[in-house]
There are 2 protein chains.
Amino acid sequence: MSRDIAASADAPAFDRAVMDGFAVRSRDTADAPVVLRVVGFIPAGKTFCRRVGAGESARIATGAMMPPGADAVIKKEDVQVLADGRLRVSRRVRKGEDVYPRGRDYRKGAFLLRRAMLLNPARIALLGSLGYGSVEVFATPRVAFLTTGDEIIGPGRPPRSGQVYDATRPMILSGLSRMGVLCEDLGHVRDSAALLDRKVRQGLRYDMLVVTGGVSAGERDYVPRILEKNGVTCFFHKVLIRPGKPLWFGCRRGQLVFGLPGNPIASLVTFMLFVKPAIECLQGGGGTLSFLRGILSKDVYNESERLSFLPARLCCRKKGIGVTPLVFRGSADMYHVAGADCFFAARPYARLKKGTRISFFKI
Amino acid sequence: MSRDIAASADAPAFDRAVMDGFAVRSRDTADAPVVLRVVGFIPAGKTFCRRVGAGESARIATGAMMPPGADAVIKKEDVQVLADGRLRVSRRVRKGEDVYPRGRDYRKGAFLLRRAMLLNPARIALLGSLGYGSVEVFATPRVAFLTTGDEIIGPGRPPRSGQVYDATRPMILSGLSRMGVLCEDLGHVRDSAALLDRKVRQGLRYDMLVVTGGVSAGERDYVPRILEKNGVTCFFHKVLIRPGKPLWFGCRRGQLVFGLPGNPIASLVTFMLFVKPAIECLQGGGGTLSFLRGILSKDVYNESERLSFLPARLCCRKKGIGVTPLVFRGSADMYHVAGADCFFAARPYARLKKGTRISFFKI
């Protein structure tokens, strides 16, 4: 939302019955058992103008407005309607019993929702209850996306010798679309400093730029150089994780720029661990990484000197979520990862025993 | 996806260099140190037809195709290029070193993805690598949605006495749209058996029907009766949770029908706990509930005899995610829930101490 929302009225706007039952004057029940006359029925959404006087009551529905005079509801299971239509109340009813009083939730003028709060279903419910049919919001972040690499070709034509189809592009595009961001697809560029430079300048018109490939130490890995040349300050390059080590991250004013590794699984893992939370922050939420906890269903040895994220299948088990590790051949192994539901974290050289509780994130 | 996907070729389709370096014949390095001639450069995506003969090597980029004759790559950090352009290799290179061999991931004809698998970014990457620009998928579930209640009005007109604005409708619609389902909005019906009957028959043309309100034991709570009259078999009615006790669930052949409580927060919690996982199953995923684990940051007493879901704020703490309970006045309390990030679970009459690990789900 782009502005604070204040209450235009008390909520609830009237004393409201919480149960189906009878609206009564509590003091009438002080010497229970008593017998009261029933002077009418108040359905939800209707006004009842007649005052409930001494010795009187009114049948009332859940959510209905309390009639003047009455100050409590006794639920229908607790009373007896006599043959002559009168009501027998056999116990004392507390003042305010099963009544949700006017203004209990908030008073007119109270600040209910703050500028820049992320709208979720609960907040949308509150806005609905205030009578808003629409509200002004901040624009959703716009993310520019660019793939690089001479050997990469798109679908629709047979690969020449040495060429491979682009796996990263549809993967990242689907990841972005799942997050509801506006993605500006800048297409694919060959490993040429000049072409990359032009595309990067285009990409820096958006809130975030994501580039895949060309971030390692190879001589044709132009991405870091071209980004820095365009005023993007590098915050970090290379992370001690596997897969995903070549990750590059930088900023230019408020713009975030990620250079993801070109290998598709390294790209996927760094997208999930870094890009996704960053987008969630730009969307006004986030701040907590969505790791779930599960129980390892067989021994695992992490042979890497880096913190590793290993693909696994999930299943429901009595004690929680079972996590079954899969074969994993590294950052290009789409085949085994396609069979996985999640990646779980394993510390450098960790020997994790079956039954160990581990953290994972869903793909 | 609506069919199995088999591999149309080996993957990788060729022996591939894993590092920037030099393609060599491993046997030439058996008596290292040796000096080799460099006969060319092989960038990624290009074919190199010249055979690497005895005493020769070729400079090669990550991802490039191995030249005929060579059987290993030595990375550029491990060699020395002499003044005359020749290469000094000071250690023995293993056969297959830093080469990802043809067919290592899978062979032509192997089944890679199965019918009815949920497409996630990793599987979309695999499809991309096979050259698919599009695939046939099953239709996303279509969910019909209907709200009930005489006291409920939509936005755009001032409430008459006793009326309240609809909070549930925008809430559930936003929850559904966030899940990417096709929602058929059947609008709002008054508490009339005849009108409800007509709408329910309309709603039963979809994969799922969600109705809010009218599921308690009140005499105007027509929903269970009308659903059963239309051939929906009740699987359960009322659940020992708070909020959300009045929940109704039934099936008619493959169709799922949920009657959610009319109170907005009860509606929200049952949507998250029951409707959302059911939709995820229809979408081909799901099976594990997305509870996260956090650490309670103050003592809580659950005064209810039911398993309760209590609103809380989240924050990052050293040992994990901190969960700070908020004031909660029950199933209509949108105000406090609007300030929350999650609901955490508390067993009946549980006294939970600060520091206890608890399960929560995000809103």
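Values in this document were obtained by computation on a predicted structure and should not be read as measured data.

Digging into unusual backbone geometry
Residues and elements named next belong to chain B.
Then, in step 1: Cis peptide bonds are those with omega within 30 degrees of zero, and the linkage from A11 to P12 qualifies with -10 degrees.
Then, in step 2: Examined against the element boundaries, P12 turns out to sit in the loop between strand 1 (5-6) and strand 2 (16-17).
Then, in step 3: P33 follows A32 through a cis peptide bond whose omega is 5 degrees.
Then, in step 4: When you line up the elements, P33 lands in the loop between strand 3 (21-24) and strand 4 (34-42).
Then, in step 5: Phi is positive for A116, close to 75 degrees, though the residue is something other than glycine.
Then, in step 6: Relative to the elements of secondary structure, A116 occurs in the loop between strand 10 (111-113) and helix 1 (121-129).
Then, in step 7: If you check the backbone angles, K238 has positive phi at about 80 degrees while not being a glycine.

Overview of empty space enclosed by the protein
Then, in step 1: In the structure shown here, the tally under the stated rule is two cavities of 30 Å³ or more.
Then, in step 2: Taken as a whole, the largest cavity holds about 40 Å³ of empty space.
Then, in step 3: A breakdown of the residues in the lining of the largest cavity according to their chemical character gives three nonpolar, three polar and three charged.
Then, in step 4: For the lining of the second largest cavity, the class distribution of residues is three nonpolar, three polar and three charged.

Let's talk about the pattern of salt bridges
Then, in step 1: Per the stated rule, a full pass over the model turns up 32 salt bridges over all chains.
Then, in step 2: Put simply, R86 of chain B and D84 of chain B hold a salt bridge, and the shortest N to O gap is 2.8 Å.
Then, in step 3: The exposure class assigned to R86 of chain B is partly exposed, which follows from its relative accessible area of 35%.
Then, in step 4: Between D197 of chain B and K229 of chain B there is a salt bridge whose closest N-O contact spans 3.0 Å. One end of the pair, D197 of chain B, is in helix 3 (residues 193-203); the other, K229 of chain B, is in helix 4 (residues 223-229), with 32 residues separating them in the sequence.
Then, in step 5: Judged by its relative accessible area of 6%, D197 of chain B is buried.
Then, in step 6: Take K229 of chain B: its relative accessible area is 60%, and that puts it in the exposed class.
Then, in step 7: When salt bridges that share partners are traced, they join D10, R102 and R107 of chain A into one network.

Thoughts on the sheet that holds strand 19 (residues 255-260) of chain A
Residue and element names in this part refer to chain A.
Then, in step 1: A sheet is described by the order of its strands in space; here six strands give the open sequence 14-11-15-19-18-16, paired in mixed fashion. A single partner strand is all that each edge strand has here, and the edge strands are strand 14 (182-189) and strand 16 (233-237). When the angles between neighbouring strand axes are averaged without regard to direction, this sheet yields 15 degrees.
Then, in step 2: Sheet analysis places strand 16 next to strand 18 (residues 248-252), joined by four bridges and oriented antiparallel. In the strand pairing of strand 18, T233 is matched with C251.
Then, in step 3: Contacts from helix 3 (residues 193-203) reach strand 11 (142-148), strand 14 and strand 15 (208-212) within the one sheet, and its direction differs from that of strand 14 by about 175 degrees.

Structural notes on helix 5 (residues 264-282) of chain A
Residue and element names in this part refer to chain A.
Then, in step 1: Along helix 5, the helix axis deviates most sharply at F271, where the bend reaches about 45 degrees.
Then, in step 2: Counting buried positions along helix 5 gives 14 out of 19 residues, so the element sits mostly inside the fold.
Then, in step 3: Positive phi shows up at G284, right after helix 5, with a value of about 100 degrees.

Focus on the side chain of T168 of chain A
All names here are of chain A.
Then, in step 1: Position of T168 among the secondary structure elements: in helix 2 (residues 168-178).
Then, in step 2: Taking the relative accessible area as the measure of exposure, T168 reaches 5% and is therefore buried.
Then, in step 3: Among residues more than four places away in sequence, those in contact with T168 are F145, T212, G262, P264 and S267.

A short note on the interface of chain B and chain A
Then, in step 1: On the chain A side, the residues contacting the 74 residues of chain B number 72 residues.
Then, in step 2: A combined buried area of about 5,900 Å² lies between chain B and chain A, and 60% of that area is made up of carbon and sulfur atoms.
Then, in step 3: If you list the elements that add at least two residues to the side of chain B that touches chain A, you get strand 10, helix 1, strand 13 (164-165), helix 2 (168-178), strand 20 (292-296), strand 22 (307-317) and helix 6 (334-338) of chain B.
Then, in step 4: Considering each element in turn, the side of chain B that touches chain A owes the most residues, eight residues, to helix 1 of chain B.

Rules behind the numbers
Residues numbered from 1 in each chain as written. Chains lettered and ligands numbered in written order. Predicted model: local features only at pLDDT ≥ 70, side-chain atom pairs only at ≥ 80, totals over all residues. Heavy atoms only, no water. Helix = DSSP H or I, 4+ residues; strand = E, 2+ residues; numbered from the N terminus. 1 Å grid on protein atoms, 1.4 Å probe; cavity = no way out; pocket = protein on both sides within 12 Å on 5 of 7 lines; lining within 4 Å. Points joined across faces, edges and corners; volume = space filled by probe spheres on them. Nonpolar A, V, L, I, M, F, W, Y, C, P; charged D, E, K, R; others polar. Salt bridge = Lys/Arg side-chain N within 4 Å of Asp/Glu carboxyl O. Buried < 20%, exposed > 50% of the residue type's maximum accessible area, 1.4 Å probe, protein only. Pairing = 2+ DSSP bridges. Axes fitted to C-alpha atoms, helices over the stretch in contact; angles between N-to-C directions. Contact = heavy atoms within 4.5 Å. Bend = angle between axes of the 7 residues up to and from the residue. Buried area = accessible area lost by both parts, 1.4 Å probe.

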